[in-house]
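Listed below are the residues making up each chain.
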Amino acid sequence: MKPFLRLAGFGAVGASGVLPNLAVMWLLVDHWHLHYLPAAVAATEVAICWNFVLVDFVVFRDRRGRHWAGRLARFVALNNLDLAVRLPLLALLVSWAGVDELAANLVTLVLAFALRFAVTNRFIYRPAPLPESA
């Protein structure tokens, strides 16, 4: 797959993952009255699973060299590290800037997109090494 198409596919998967993320956060915050930070964690875990399936089967189907469990573990680790960076920003946007929880969550997701793609492309779904010339 060409790099631009892979980036576009990754973006489309990420965009589709925003829906379950925001839906879970909305449910937890507005209906179950959970604080927005733990709700963001739960919503992110749901979206991570959603995104992994689509990324693995659509975007990087030609680079699935490792066992799926290894790819999943790396994908989850990356996205949870990303979450650890996004949560303070989310708290800052909500508590200090007065941004709505759902809007602030969306802002943090969009800001982290390029870094998530770069790490996923380079380390989780590394291209196969080129064969050596004889």
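Treat the numbers as computed from the prediction; the structure is a model and nothing was measured. (Residues numbered from 1 in each chain as written. Predicted model: local features only at pLDDT ≥ 70, side-chain atom pairs only at ≥ 80, totals over all residues. Heavy atoms only, no water.)

## Structural notes on helix 3 (residues 68–96)
Note the threshold: The helix and strand labels rest on DSSP assignments: H or I over at least four residues marks a helix, E over at least two residues marks a strand, and numbering proceeds from the N terminus. A helix is expected to span 1.5 Å for every residue after the first. Values of bend correspond, residue by residue, to the angle between axes fitted over the seven residues ending at that residue and the seven starting there. When accessible area is computed with a 1.4 Å probe and restricted to protein chains, residues below 20% of their type maximum are described as buried, those above 50% as exposed, and intermediate ones as partly exposed.
Its 29 residues place the ends of helix 3 41 Å apart at the C-alpha level, agreeing with the 42 Å of an ideal helix rising 1.5 Å per residue. Of all the bends found along helix 3, the most pronounced is centred on Arg-86 and spans about 30 degrees, while Pro-88, a proline, follows it within four residues. Those residues of helix 3 that sit buried are Gly-70, Arg-71, Phe-75, Leu-78, Asn-79, Asp-82, Leu-83, Arg-86, Leu-90, Leu-93 and Val-94. Gly-98, located one to two residues past helix 3, shows a positive phi value of around 70 degrees.

## Details of the pattern of salt bridges
Cut-off, in case you're wondering: Salt bridges are defined as contacts in which a side-chain nitrogen from Lys or Arg sits within 4 Å of a carboxyl oxygen from Asp or Glu.
Summed over the entire model, instances satisfying the criterion amount to five salt bridges. Of the charged contacts, one joins Arg-64 and Asp-56 as a salt bridge, the two residues approaching to 3.6 Å between their closest N and O atoms. Given a relative accessible area of 2%, Asp-56 falls into the buried group. For the salt bridge of Asp-82 with Arg-86, the shortest nitrogen-to-oxygen distance reads 3.0 Å. Residue Asp-82 and its partner Arg-86 are both found in helix 3; the two are separated by four residues, about one turn of the helix. Classification of Arg-86 as buried rests on a relative accessible area of 5%. One salt-bridge network, in which partners are shared between bridges, spans Asp-56, Arg-64 and Arg-71.

## Digging into a nonpolar patch on the surface
Applied cut-off: Any residue with relative accessible area above 30% and no salt bridge may belong to a patch, with like charges joined within 9 Å and the nonpolar Val, Leu, Ile, Met, Phe, Trp and Tyr side chains within 5 Å. Note on areas: Shrake-Rupley, 1.4 Å probe, and residue coverage restricted to the protein chains presented here.
On the surface, a nonpolar cluster with roughly 410 Å² of combined accessible area is contributed by Met-1, Phe-4, Leu-5 and Leu-7. Among the structural elements, Leu-5 can be located in helix 1 (residues 3–31).

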